[in-house]
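# Inside the fold
These are the residues of each chain, in order.
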Amino acid sequence: MTARRNVLFIMCDQLRFDYLGVYGHPHIKTPNIDRLAARGVRFTNAYVQSPICGPSRMSAYTGRYMRSHGSNWNGIPLRVGEPTLGDHLREIGVRNVLVGKTHMAPDREGMARLGIPADSVIGVLQSECGFEPYERDDGLHPDGRYDPAPRYDGYLREQGFAAANPWEHWANSAEGDDGELLSGWLLAHADKPARVPDEHSETPYMTRRAMDFIREAEEDGRPWCLHLSYIKPHWPYIVPAPYHDMYGPEHVIPVQRADGERDDPHPVYKAFQDERVSKAFSRDGVRERVLPAYMGLITQIDDQLGILFRFLEERGLADDTLIVFTADHGDYLGDHWLGEKQLFHDVSVKVPLIVVDPGSAADPTRGTVSDALVELVDLAPTFLSYFGGVPKPHILEGRSLLPLLHGQDSGPWRTAAFSEYDYAIDRARLALGTPVPDSRLYMVADGRWKLVFAEGFRPMLFDLQADPLELRDLGADPAFADQRQRLTEELFAWTRRARSRITRADEAIAAGDDAGRAYDRTFGQGIVIGYWDEAEADAERDKIRRYHAGG
C-alpha cells in the first residue's frame, strides 16, 4: 500500500432491499443512506449466499460459498482453520475489527483437538470469525445464553436500567398503562415505544462504539477494516420513541402475495407457509401493526449513519475510507404468505448494496446504478484488492467489485448468482419427512430467470421479467422445461467449481508446467519414473540442463 486506506463495512440484520428511499420505498425516510448512494454505486441485483444470518455472514466473512465453508445454519460453527477476511487482511498489516453482530459459533471441539486455548490470541480470532472483537453483540440476550454477558447489558445497568435481563426488559419491551412489562417478542406490542430512551437503545450504542474504535485507531496508526454490524431491524420488532409512531398503517405498502400461491404450492413452500411465523404474518392487521416499527428501526439506523458519516468527515477520514452498506438477508413480512426469511424470493435473498470508493478512479461511476449480478462473497476480495493485497482466487470464490466501481470493462461479469439453504433444523423437514442430508435447497438466478432446486422434489421456477413479484411458480409447467434444464445445468456446473484446494494457488501449479520446473520435481529429487535405461534418462537430463543454460 502506498497510502493509508480504511474500510467501513456496514451490515444491517434482516433489512429488505426495497425498504430504503433510494431503492424506491414511497414512504420510508433514509436520507443519509440515499446520499451515500449518490457518492458511490448502488447495486440492484445483490444476492446473499444463504437467506439466514449465520451462513450468509460466514459467506461474507470468508468470501466462500456455504457448500465450501460448511457453516450451514445458525449455530453451526465455522470450522477451525477456515480462512477468513481477517486472515487475509492481517497478512498485509490491516486490522479487521468487529462492532456488533456476527452470529459466529466457535468450533470449540476443533480448537480443543488442535490444542488452541480459547482465550489465546489465535483462539479469540478463531472464535470470532477472524475479527478483533472490539464489541461483539449478536443482539439476542435470553438469560444465560452468553457467558460473559454482552457489554451492552452492563451499559444499560450503568445508565440505571436495572433488570435481570436489561436487553429484554428495557431495550426490547414496552410498558403498559399500569406499568406492566409488555414483551417486544409479541407482535401485538410492536406499535408501542420501547422502554429505553433512543440514545440508550442498541443502534445508537453500536454507532458510538464504532466511533470509539475509530478514535483509538487513529492513535494506533494501522489501516483498518471496521465491520459495524447493526442488530436491527431484526426482530423483536420494537423501537424507542420517537421512531415508534413515525410511520403508521397508511405507510404500509401492499402485501406481495396472491391467493394462487396457496393453491397446490410446492411441498417445501407449503411447509414454510405452515410455520407459525408465516401464519402470524398472514393474519389481518399484523402487517399494519409490525411494519411501522420495522420502518422506524430503519430510519433510526439512517439517523445514526448520518452521525457516523459526519464524524468521518470531521476527522478527515471520508476521503480515505471505502464504505459498504448492505444486509445479511431480507424479511418476508407476510409477502408470499411467509414470515422470516428461509426461502429465495427476492424480498428474502436480495439485499441492498451500496459501495463508495473514495478514490478518483471511482469518479466516473459516482451516483450510478449497476444491475450486475453480485454476491456477498464479492466483498472479501473487494476489500483485499482495495488494500493492495494479492488476489486469492483459489480461496476466495467471489470477485473484486473494484472494476465495476471504476467503470472498467473486465469482460463478462457473472452469468448467475447462487444461494443455498439447509432446512434440516427447521420444522419443515419434519413435516416433509425428508432425511437430514437431503434437506437442501439451491437457488440459481441469471437476472431474468430464477430456479430453486429442491433435493427430492420438483424445482421451482420464476420469470423475473414477466412476473417480478414472483407470484407464479413455473416449476411444473412443461412449456418451461428448457429453462429449467438450462438453469439446472448452470447450478451443477457451479457445484463442480468448489474451491476445496485452498493450500496451493492455481498460479503456483501452473508455474510448474515448464521443463525446468519439471526437472526440479523429478530428477532434482532423485525420482526417475518411466525411463527404460540409463541412456534414456541421461538424455532427458541433458535436455533439461540445456534448457536451464538457455539453449
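Our subject is the structure that appears above.
Analysis parameters
All chains use their own residue numbering, which begins from 1 and follows the written sequence. Note on the predicted model: pLDDT of at least 70 is required for a residue's local features to be given, and 80 or more for side-chain atom pairs to be given and counted; whole-chain, interface and lining totals, by contrast, use all residues. No hydrogens and no water enter the side-chain calculation; it runs on all heavy atoms of the structure. Should DSSP find at least two bridges between two strands, the strands are taken to pair. Helix numbers and strand numbers start at the N terminus; a helix is a DSSP run of H or I with at least 4 residues, a strand a run of E with at least 2. Note on method: axes are straight lines fitted to C-alpha atoms, helices fitted across the in-contact stretch only, with angles between N-to-C directions ranging 0 to 180 degrees. In what follows, a contact means two residues having at least one pair of non-hydrogen atoms within 4.5 Å. The buried label applies to any residue whose accessible area, calculated with a 1.4 Å probe on protein chains only, is under 20% of its type's maximum; exposed applies above 50%, and partly exposed to all values in between. Directions are taken from the helix axis to each C-beta atom, and the arc is the one they span. Whenever two N or O atoms come within 3.5 Å, that pair is a polar contact, provided that in protein one can donate a hydrogen and the other can accept it, and provided that, for residues adjacent in sequence, both atoms are side-chain atoms. For classification purposes, angles smaller than 35 degrees are called roughly parallel, those larger than 145 roughly antiparallel, those between 65 and 115 roughly perpendicular, and all remaining angles oblique. Basically, the charged four are Asp, Glu, Lys and Arg, the nonpolar ten are Ala, Val, Leu, Ile, Met, Phe, Trp, Tyr, Cys and Pro, and anything else, Gly included, counts as polar. By convention in these notes, a salt bridge is any Lys or Arg side-chain nitrogen within 4 Å of a carboxyl oxygen on Asp or Glu. Here a Phe, Tyr or Trp ring, Trp counted by its six-membered ring, pairs with any other such ring whose centre lies within 6.5 Å, and the pair is stacked when the planes are under 30 degrees apart, edge-to-face when over 60, and tilted otherwise. We call a charge positioned over a ring when the NZ of a Lys or the CZ of an Arg lies within 6 Å of the ring centre and within 35 degrees of the ring normal. We call a crossing left-handed when the near helix sits turned anticlockwise from the far one by less than a right angle, and right-handed when that turn is clockwise.

## What about the sheet that holds strand β14 (residues 449–454)?
Strand order in this open sheet of four strands is β12-β13-β14-β15, and the pairing throughout is antiparallel. If you trace the sheet from one side to the other, it starts and ends with β12 (417–422) and β15 (460–463), each paired once. Neighbour to neighbour, the strand axes of the sheet diverge by 10° on average, direction disregarded. Two strands pair when backbone bridges link them, and β12 and strand β13 (residues 440–445) are joined in this way by six bridges, in the antiparallel orientation. Each bridged residue has a counterpart across the sheet, and for E420 the counterpart in β13 is Y442. Those strands touched by helix α17 (residues 481–495) are β12, β13, β14 and β15, and its axis lies near 65° from that of β14.

## Some thoughts on helix α1 (residues 31–39)
For α1, the complete set of buried residues consists of N32, I33, L36 and A37. The buried residues of α1 all sit within an arc of 145° when viewed along its axis, so they share a single face. Facing away from the buried surface of α1 by more than 90 degrees, the exposed residues are R35 and A38. Looking at the buried side of α1, the elements it contacts are β2 (41–47), α12 (286–314), β8 (321–327) and β9 (350–356).

## Considering helix α2 (residues 53–62)
A large share of α2 lies buried, amounting to 10 of its 10 residues. G63 occupies a position one or two residues after α2 and carries a positive phi of about 70°.

## Notes on the pairing of strand β1 (residues 6–13)
Every regular strand shows the same layout, with side chains that alternate between the two sheet faces. Judged by how many residues are buried, β1 sits mostly within the fold: eight of eight residues are covered. Covered by surrounding structure in β1 are N6, L8, I10 and C12 together with V7, F9, M11 and D13, the residues of both alternating faces. When β1 meets β8, the two strands line up parallel, connected through seven bridges. When the bridges of β8 are listed, I10 appears paired with F325.

## A short note on the side chain of T30
Along the chain, T30 turns up in the loop between β1 and α1. Here the side chain of T30 touches G21 through a polar contact of 2.8 Å, landing on its backbone nitrogen. Apart from the residues lying within four places of it in its own chain, the contact partners of T30 are L20, G21, V22, I298 and D302.

## Side note on the packing of helix α7 (residues 151–158) against helix α9 (residues 202–220)
Packed helices, taken two at a time, are described by the angle between their axes plus the distance between the axes. It is the contact of α7 with α9, at a shortest axis distance of 12 Å, that shows an interaxial angle of 105°. With respect to α9, the axis of α7 lies roughly perpendicular. Facing R151, Y152 and Y155 of α7, the residues of α9 in contact are E202, Y205, R208 and R209. Looking at the contact of α7 with α9, its residues break down into three nonpolar, no polar and four charged.

## A closer look at the pairing of strand β7 (residues 224–233)
Summarising burial for β7: 10 of the 10 residues are buried, a large majority. Relative to β7, β1 runs parallel, the two being bridged by six bridges. Bridge pairing links F9 to H227 in β7. Here strand β3 (residues 95–100) runs beside β7; their pairing, made up of six bridges, is parallel. When the bridges of β7 are listed, R95 appears paired with W224.

## Concerning the pattern of salt bridges
One pass over the structure, following the stated rule, counts 42 salt bridges. With a shortest N-O distance of 2.9 Å, D18 and R16 are connected by a salt bridge. Assigned by exposure class, D18 and R16 land together as buried. Each of E135, R151, R209, D212 and R215 takes part in a single network of salt bridges with overlapping partners.

## Observations concerning the environment of D302
Looking at the element boundaries, D302 is found in helix α12. Beyond its immediate chain neighbours, meaning those up to four positions away, D302 contacts K29, T30, P31, N32 and I33.

## Concerning the packing of aromatic side chains
Summed over the entire model, instances satisfying the criterion amount to 21 aromatic pairs. Between F161 and W170, the ring centres sit 5.0 Å apart and the planes meet at 50°, which makes this aromatic pair tilted. There is no split in this pair, since F161 and W170 are both buried. A ring pair is formed by Y237 and F281, whose centres lie 6.1 Å apart and whose planes are at 80°; its orientation type is edge-to-face. Taken together, the residues span a long stretch of sequence, with Y237 in the loop between β7 and α10 (267–273) and F281 in helix α11 (residues 276–281) at a distance of 44 residues. The class of Y237 is buried, set by a relative accessible area of 4%. Judged by relative accessible area, which is 1%, F281 ranks as buried. In this structure an aromatic cluster arises from ring pairing among Y19, Y237, F281 and Y294. In this structure, R257 packs its charged tip against the face of W337, placed 4.2 Å from the ring centre.

## Here we look at the packing of α9 against α12
Running from N to C, α9 and α12 cross one another at 15°; their axes reach a closest spacing of 9 Å. On the basis of their axis angle, the class for α9 and α12 is roughly parallel. As for the relative orientation of α9 and α12, their crossing is right-handed in sense. Across from T203, P204, T207, M211, I214 and R215 in α9, the residues of α12 making contact are Q300, I301, Q304, I307, L308, F311 and L312. Taken together, the residues that form the contact of α9 with α12 break down as eight nonpolar, four polar and one charged.

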